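# Commentary on secondary and tertiary structure
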Amino acid sequence: MGDPQSPGEEGVGGQSVTHSSLPIVASLANSPVSFSCRVTYPYTPQFKSFTVSYFHEDLHGQRSPEKPTNCHPGLGTENQTYTLNCLVTLVPPGALATGTYYCSVHWPHTVARGSGTFILVRDTGYREPPQSPQKLLLFGFTGLLSVLGVVGTALLLWKKRQMQAPRKDPARKRPAPRSASSPKEAPAESVYTALQRRETEVYACIESENGSPPTATHSPLSKEKLHRFQDDDELNLVYENL
């Protein structure tokens, strides 16, 4: 068996091994994970027979033993280049299986391997970290502040409405409505009606003065008539002016 080729390097006969999957793959422990590689070689008697295996190197550079795969040579055209796609599936046991996995192809006179696929293995998936008492206190304090803010805003709005509402004076009473049975006030007499009545009383007073004998003293009744007469004279003057 000849010396092994460098990863991804094409051999003297034209054979090569390349990885066709993603360069980095993540997986959980005890869960199947796959990577693929492509084997290219001339379909000649020298390269028709070969085996495909895989191995890995961990983070410390330790190499694992090679393990066989289910990838086998196919039928091609004589003296033509043939390409074989191999899918490798494995079940990593734990996080220690993290490393670079290589396809290794063994011909009778040479060995070739690919550039490798890095597989990151985790024991468990993502878990929500437990909440500490400090976080619980912080959430409780934040909720309390929110409630107090809402209550304070409601009280301010209520106080503002109370101040804007018109105040009612209990001592101030509305005037009582007049009842329908209350007597109506007599309408005031017009000026002409009052003058006419006064004029009649003046003439009656003059006639009584002419018919009665003169006396030295006047009775209270005659004095009252005299005053009324003087008032009537003033009213007559007003009437004439009108």
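Just so it is clear, the model here is predicted, and its values are computed rather than measured.

So, about the nonpolar core. Across soluble globular proteins, nonpolar side chains have a tendency to be buried as a group. Grouped together as the largest cluster of nonpolar side chains are 27 residues, with contacts concentrated most on Phe35, Val39, Tyr41, Trp107 and Ile119. Listing elements by their share of this core, those giving two or more residues are strand 3 (33-42), strand 4 (51-58), strand 6 (81-90), strand 7 (99-106) and strand 9 (117-122). Those residues in contact with Tyr41 that sit more than four places away from it in its chain are Gly14, Gln15, Phe47, Phe50, Pro73, Gly74, Gln80, Thr81, Tyr82 and Trp107.

To continue, consider the packing of aromatic side chains. Aromatic rings considered in pairs are described by the distance between their centres and by the relative angle of their planes. One pass over the full model with this rule turns up nine aromatic pairs. Relative to Tyr82, the ring of Tyr43 has its centre 6.2 Å away and its plane inclined at 55°; by these criteria the two rings are tilted. Taken together, the positions of Tyr43 in the loop between strand 3 and strand 4 and Tyr82 in strand 6 put the pair 39 residues apart, joining distant regions of the chain. For the pair Tyr43 and Tyr82, one class covers both residues: buried. Taken together through their ring pairs, the aromatic side chains of Tyr41, Tyr43, Phe47, Phe50, Tyr82 and Trp107 make up a single cluster. When the ring centre of Phe55 is taken as origin, the NZ or CZ atom of Arg63, which lies over that ring, is 3.7 Å away.

A separate point is the confidence of the model for the chain. Averaged over all residues, the pLDDT of the chain is 77; the fraction at 70 or higher stands at 60%. Counting interchain partners and residues more than four positions distant, the pLDDT-below-50 stretch residues 214-221 has one contact.

This next bit is on the state of the cysteines. Evaluation of the coordinates by the stated rule reveals two disulfides. Here Cys37 connects covalently by a disulfide to Cys103, the sulfurs 2.2 Å from one another. Given an S-S torsion of about -85°, the disulfide between Cys37 and Cys103 has left-handed geometry. Placement of the pair is Cys37 in strand 3 and Cys103 in strand 7, with a sequence separation of 66 residues. Residue class for Cys103 comes out buried when judged on its relative accessible area of 0%. The residue that forms a disulfide with Cys71 is Cys86, at a sulfur-sulfur distance of 1.7 Å. In this structure the cystine formed by Cys71 and Cys86 twists about its S-S bond by roughly -55°; its chirality is therefore left-handed. Pair noted here: Cys71 is in the loop between strand 5 (67-68) and strand 6 and Cys86 is in strand 6, with a separation of 15 residues, a long-range link. Assigned by exposure class, Cys71 and Cys86 land together as buried.

Okay, the side chain of His19 next. Structurally, the position occupied by His19 is in strand 1 (residues 16-19). Overall, the relative accessible area of 14% leaves His19 in the buried class. A polar atom in the side chain of His19 sits 3.4 Å from the backbone nitrogen of Cys103. One polar contact links the side chain of His19 to the main-chain amide nitrogen of Gly116, over a distance of 3.2 Å. Discounting chain neighbours no more than four positions away, the residues touching His19 are Phe35, Ser36, Cys37, Tyr101, Tyr102, Cys103, Gly114, Ser115, Gly116 and Thr117.

Calculation notes
Going along each chain's sequence as written, the residues are numbered from 1 onward. Local features in this predicted model are restricted to residues of pLDDT 70 or higher, and side-chain atom pairs are both shown and tallied only at a pLDDT of 80 or more, whereas totals for entire chains, interfaces and linings draw on every residue. To get the side-chain values, take all heavy atoms of the structure and skip hydrogens and water. For our purposes a nonpolar core is just a set of buried Ala, Val, Leu, Ile, Met, Phe, Trp, Tyr and Cys residues, chained together by side-chain atoms within 4.5 Å. Working definition: with a 1.4 Å probe on protein chains only, accessible area under 20% of the residue-type maximum means buried, over 50% means exposed, and in between means partly exposed. Under the DSSP-based scheme used, a helix requires at least four consecutive residues in state H or I and a strand at least two consecutive residues in state E, with every element numbered from the N terminus. When checking whether two residues touch, look at their non-hydrogen atoms; a contact exists if any pair is within 4.5 Å. Note on aromatic pairs: the rings of Phe, Tyr and Trp (six-membered ring only in Trp) are paired at centre separations within 6.5 Å, and the planes decide the class, stacked below 30 degrees, edge-to-face beyond 60, tilted for the rest. The rule for a charge over a ring is simple: NZ of Lys or CZ of Arg within 6 Å of the ring centre, and within 35 degrees of the ring normal. Every residue carries a pLDDT, the predictor's confidence in it, which falls somewhere between 0 and 100. Note on terminology: pairs of cysteine sulfur atoms within 2.5 Å are recorded as disulfides. Nitrogen and oxygen atoms within 3.5 Å of one another constitute a polar contact, given that in protein one can donate a hydrogen and the other can accept it, and given that sequence-neighbouring residues count only through two side-chain atoms.

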